[in-house]
Amino acid sequence: MNSNKIESIGVTTVINEINKYNNLLENFPTKDRNPVWDGNIEVYKKDSNKTTDIVGIIPAQIKGKFVDNFKLFEEELSYNVKISDIENYRKINMPTIYFVVEIDKNKNTQIFYKVFDLKTIEKILKKNKSENRKTKYYNFTWRAMGRKNNYSKKISCRLCKARLYVCLWKCR
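Just so we're clear, the structure is a prediction, and the values are computed from it rather than from any experiment.

Asker: Explanation requested: the nonpolar core in the structure shown.
Answerer: The nonpolar side chains of soluble globular proteins are, as a tendency, buried together. Counting 21 residues, the largest nonpolar core has Val14, Phe28, Ile41, Ile62, Ile97 and Phe99 as its most contacted members. At the level of elements, α1 (3-18), β2 (39-44), β3 (54-66), β5 (96-103) and β6 (109-116) are the ones that each hand at least two residues to this core. Tallying contributions element by element places α1 first for this core, with six residues. Within the second largest apolar cluster, 14 residues are counted, among which are Tyr89, Phe112, Phe116 and Leu125.

Asker: Can you walk me through helix α3 (residues 118-131) in this structure?
Answerer: Within an α-helix, residues lying three or four positions from one another point in the same direction, as the helix has 3.6 residues per turn. Over its 14 residues, α3 runs 20 Å from end to end, which matches the ideal 20 Å to within 8%, given 1.5 Å per residue. Inspection of α3 places Ile121, Ile124, Leu125 and Asn128 among the buried residues, and these make up the whole buried set. In a view along the axis of α3, the buried residues occupy a sector of 90°, so they form one face of it. Set apart from the buried face of α3 by more than 90 degrees, the exposed residues are Lys119, Lys123, Lys126 and Ser130. Its side-chain oxygen placed 3.1 Å from the backbone nitrogen of Lys119, Asp117 serves as the N-cap of α3.

Asker: Explanation requested: the side chain of Asp38 in the structure shown.
Answerer: Mapped onto the fold, Asp38 is located in the loop between β1 (24-27) and β2. It turns out Asp38 is buried and unbridged, and the closest side chain with the opposite charge, Lys63, is 5.6 Å from it.

Asker: Quick question: what am I supposed to make of unusual backbone geometry here?
Answerer: What is expected of a backbone is that most residues other than glycine have negative phi and most peptide bonds are trans. A positive phi angle, close to 55°, is found at Asn93, a residue other than glycine. For Asn93, the position within the fold is in the loop between α2 (83-92) and β5. Of the residues examined, Asn93 reaches a relative accessible area of 55% and is grouped as exposed.

Asker: Looking at this model, I keep getting lost on the environment of Pro95. Mind explaining?
Answerer: For Pro95, the location among the structural elements is in the loop between α2 and β5. Along the primary structure Pro95 and Asp117 are separated by 22 residues, whereas in three dimensions their C-alpha atoms are 4.3 Å apart.

Asker: For this particular structure, what's the right way to read the environment of Asn16?
Answerer: By the secondary structure assignment, Asn16 is in helix α1. Here the alpha-carbon distance between Asn16 and Glu26, two residues ten residues apart in the chain, equals 9.2 Å.

Asker: Looking at this structure, I do not really get the pattern of salt bridges. What am I missing?
Answerer: Pairs can form between side chains of opposite charge whenever their charged atoms are close. Within this structure, the stated rule accounts for two salt bridges. Ionic pairing is found between Lys20 and Glu17, a salt bridge with its closest N-O pair at 3.3 Å. Of the residues examined, Lys20 reaches a relative accessible area of 53% and is grouped as exposed. Where Glu122 meets Arg90, a salt bridge forms, and the shortest distance between an N and an O atom there is 3.5 Å. You can see Glu122 sitting in helix α3 and its partner Arg90 sitting in helix α2, a full 32 residues away along the chain.

Asker: I keep staring at a positive patch on the surface and nothing clicks. Help me out?
Answerer: On the surface, a cluster of positive charge is contributed by Lys5, Lys31, Arg33 and Lys107. Take Lys5: its relative accessible area is 43%, and that puts it in the partly exposed class.

Asker: Looking at this model, I keep getting lost on the packing of aromatic side chains. Mind explaining?
Answerer: Think of a pair of aromatic rings as described by two things: how far the centres are apart, and how the planes are tilted against each other in angle. With the rule as written, the count across this model stands at four aromatic pairs. Between Tyr98 and Phe116 the ring centres are 6.1 Å apart and the planes differ by 65°, which places this aromatic pair in the edge-to-face class. With a gap of 18 residues between them, Tyr98 in strand β5 and Phe116 in strand β6 connect regions that are remote in the sequence. Judged by relative accessible area, which is 2%, Tyr98 ranks as buried. Taken together, Trp37, Tyr79, Tyr89, Tyr98 and Phe116 form an aromatic cluster joined through their ring pairs. Sitting over the ring of Phe116, Lys114 keeps its end group 5.9 Å from the ring centre.

Rules and cut-offs
- Throughout this description, residue numbers start from 1 for each chain and increase along the sequence as written.
- Local features in this predicted model are restricted to residues of pLDDT 70 or higher, and side-chain atom pairs are both shown and tallied only at a pLDDT of 80 or more, whereas totals for entire chains, interfaces and linings draw on every residue.
- Side-chain calculation: all heavy atoms of the structure are included, whereas hydrogens and water are not.
- Residues belong to a common nonpolar core when they are buried Ala, Val, Leu, Ile, Met, Phe, Trp, Tyr or Cys residues joined through side-chain atoms within 4.5 Å.
- Buried, partly exposed and exposed residues are distinguished by accessible area as a fraction of the type maximum, computed with a 1.4 Å probe on protein chains only: under 20%, between the cut-offs, and over 50%, respectively.
- To qualify as a helix, a DSSP run of H or I must reach at least 4 residues; to qualify as a strand, a run of E must reach at least 2; elements of each kind are numbered from the N terminus.
- Any helix carries an expected span of 1.5 Å times its number of residues minus one.
- This arc is built from the directions going out from the helix axis to the C-beta atoms.
- N or O atoms closer than or at 3.5 Å make up a polar contact, with two conditions inside protein: a donor-capable atom paired with an acceptor-capable one, and, for residues adjacent in sequence, both atoms drawn from side chains.
- Within this scheme the basic residues Lys and Arg register as positive and the acidic residues Asp and Glu register as negative, but His and the chain ends are omitted.
- Only one rule defines a salt bridge in this text: a Lys or Arg side-chain nitrogen within 4 Å of an Asp or Glu carboxyl oxygen.
- The patches reported here contain residues having more than 30% relative accessible area and no salt bridge. Joining distances are 9 Å for like charges and 5 Å for nonpolar side chains (Val, Leu, Ile, Met, Phe, Trp, Tyr).
- Method for areas: the Shrake-Rupley scheme with a 1.4 Å probe, in which residue coverage is limited to the protein chains shown.
- The location of each charge is read from NZ of Lys, CZ of Arg, CG of Asp or CD of Glu.
- By convention, a stacked pair of Phe, Tyr or Trp rings (six-membered ring in the case of Trp) has centres within 6.5 Å and planes under 30 degrees apart, an edge-to-face pair has planes over 60 apart, and any other such pair is tilted.
- Each ring is checked for a lysine NZ or an arginine CZ that lies within 6 Å of its centre and within 35 degrees of its normal; such an atom marks a charge sitting over the ring.

If you want it as structure tokens, here you go:
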């Protein structure tokens, strides 16, 4: 499968997942060629797109990854992220949610995500500087999305813990 198709399926998969929830609104331009972010997710207090109900906007990056077969309901994934991308997250001084969508030969998909909050970003960059790493990539453990039924709450709680916005479910 060619890289354009892999990326297209990855973005479409995330868009379809976000559109299942009334309080989340996706903004991912098609055929995106931005250097870092692929778009953003708008979070609302309720099923509304009024400016008075907006809770926050989350920059997002989406990557597709072709796999021969994946283990359904796998909980973790290893994936490399460019240090230069993480440096760019710091420049905007906002957390970023990074999605990795595994796509198998039958075009089945599963979504993994990692929230890069400001504390994590600083920790990664400090470690990278002290190790004087030659590599431009950093490997992370990713969490599978939606192993329990409430994706919207799970993502929102992860983001509120990252101090991106006020928690809607009082999880902290």
